[in-house]
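This is what each chain is made of:
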Amino acid sequence: QVPLVESGGGLVQAGGSLRLSCAISGISFKIRVMGWYRQAPGKQRELVATITPGGDTNYADSVKGRFTISSDNAKNTVYLQMNSLEPEDTAVYLCNVVRGYSDVYWGQGTQVTVSS
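As a starting point, this report considers the structure included with it. Keep in mind it's a predicted model, so treat the numbers as computed, not measured.

Criteria and thresholds
- Residues numbered from 1 in each chain as written.
- Predicted model: local features only at pLDDT ≥ 70, side-chain atom pairs only at ≥ 80, totals over all residues.
- Heavy atoms only, no water.
- Helix = DSSP H or I, 4+ residues; strand = E, 2+ residues; numbered from the N terminus.
- Buried < 20%, exposed > 50% of the residue type's maximum accessible area, 1.4 Å probe, protein only.
- Contact = heavy atoms within 4.5 Å.
- Polar contact = N/O pair within 3.5 Å; in protein donor to acceptor, adjacent residues only side chain to side chain.
- Core = buried A, V, L, I, M, F, W, Y, C linked by side-chain atoms within 4.5 Å.
- Pairing = 2+ DSSP bridges.
- Axes fitted to C-alpha atoms, helices over the stretch in contact; angles between N-to-C directions.
- Phe/Tyr/Trp six-rings, centres within 6.5 Å; stacked < 30°, edge-to-face > 60°.
- Lys NZ or Arg CZ within 6 Å of the ring centre and 35° of its normal.
- Salt bridge = Lys/Arg side-chain N within 4 Å of Asp/Glu carboxyl O.

This paragraph deals with the overall build of the protein chain. What the protein chain contains, in helices and strands, is zero helices and eleven strands. Each helix and strand of the protein chain, ordered N terminal to C terminal, gives the series β-β-β-β-β-β-β-β-β-β-β. Principal axes of the C-alpha set define a box for the protein chain whose edges measure 40 × 25 × 25 Å. By the burial criterion, 41% of the 116 residues in the protein chain qualify as buried. Counting only contacts in the protein chain whose residues sit at least 6 apart along the sequence, the fraction spanning at least 24 positions is 53%.

Let's shift gears to the side chain of Arg-38. Locating Arg-38 in the fold gives a position in strand E4 (residues 31-39). Judged by its relative accessible area of 5%, Arg-38 is buried. Of the polar contacts made by the side chain of Arg-38, one reaches the side chain of Tyr-93; its length is 2.9 Å. When neighbours within four sequence positions are excluded, Arg-38 is seen to be in contact with Gln-44, Arg-45, Glu-46, Val-48, Ser-62, Val-63, Phe-67, Glu-88, Asp-89, Ala-91, Val-92 and Tyr-93.

Core analysis: the biggest nonpolar cluster contains 29 residues, and Ile-24, Trp-36, Leu-80, Met-82 and Tyr-93 have the highest contact counts within it. Within the residue set of this core, elements represented by two or more residues are strand E3 (18-24), E4, strand E5 (46-51), strand E7 (67-72), strand E8 (77-82), strand E9 (91-99) and strand E11 (110-115). The residues touching Ile-24, leaving out its near neighbours within four places in the chain, are Pro-3, Leu-4, Ile-31, Met-34, Asn-76, Val-78 and Val-97.

Let's shift gears to the sheet that holds E3. Two strands in a sheet stick together by hydrogen bonds in their backbones, pointing the same way (parallel) or opposite ways (antiparallel). An order of E1-E3-E8-E7 is seen for the four strands of this open sheet, with the pairing classed as antiparallel. Two strands close off the open sheet at either side, each with one partner strand: strand E1 (4-7) and E7. This sheet shows a mean twist of 15 degrees between the axes of neighbouring strands, independent of strand direction.

Considering all chains together, one arrives at one aromatic pair under this definition. Arranged with centres 5.0 Å apart and planes meeting at 70 degrees, the rings of Tyr-37 and Trp-106 form a pair that is edge-to-face. Taken together, the residues Tyr-37 in strand E4 and Trp-106 in strand E10 (residues 103-106) connect sequence positions 69 residues apart. For Trp-106, a relative accessible area of 36% translates into the label partly exposed. Positioned over the ring face of Trp-106 is Arg-45, at 4.4 Å from the centre of the ring.

What follows covers the pattern of salt bridges. Scanning the entire structure with this criterion turns up six salt bridges. A salt bridge links Arg-66 to Glu-86; its shortest N-O distance comes to 3.9 Å. Pair noted here: Arg-66 is in the loop between strand E6 (57-59) and E7 and Glu-86 is in the loop between E8 and E9, with a separation of 20 residues, a long-range link. Judged by relative accessible area, Glu-86 falls into the partly exposed class, the value being 33%. A salt bridge links Asp-103 to Arg-99, with the shortest nitrogen-to-oxygen separation between them at 3.6 Å. A single network of salt bridges, built from pairs that share partners, joins Arg-38, Glu-46, Arg-66, Glu-86 and Asp-89.

Any link to function would need more than the numbers given here.
Below you can see the structure in the form of structure tokens.
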């Protein structure tokens, strides 16, 4: 059983929107923080947004005002709503869950491509 499964990526024109989903299974207890990261070719992985089970959120400056992270605790799913997409947002987006103080989980990633 794969703990994190992302979906929702794809190809979109600049200015468009996408919503990513991350289904969490088997590890939904003692979660400390959930988040989305991204990695573009030739670049380091970077944080996009995080959310705690209590709803506290944090965003990278580059996505503030355009992206919204949310979670449905009943469905064990984390979402990333991405609006006003730019070509610079093109990357593989990865779901991340930190459980307790040392357990870190990553999804397999979903490709987001924004054309100009």
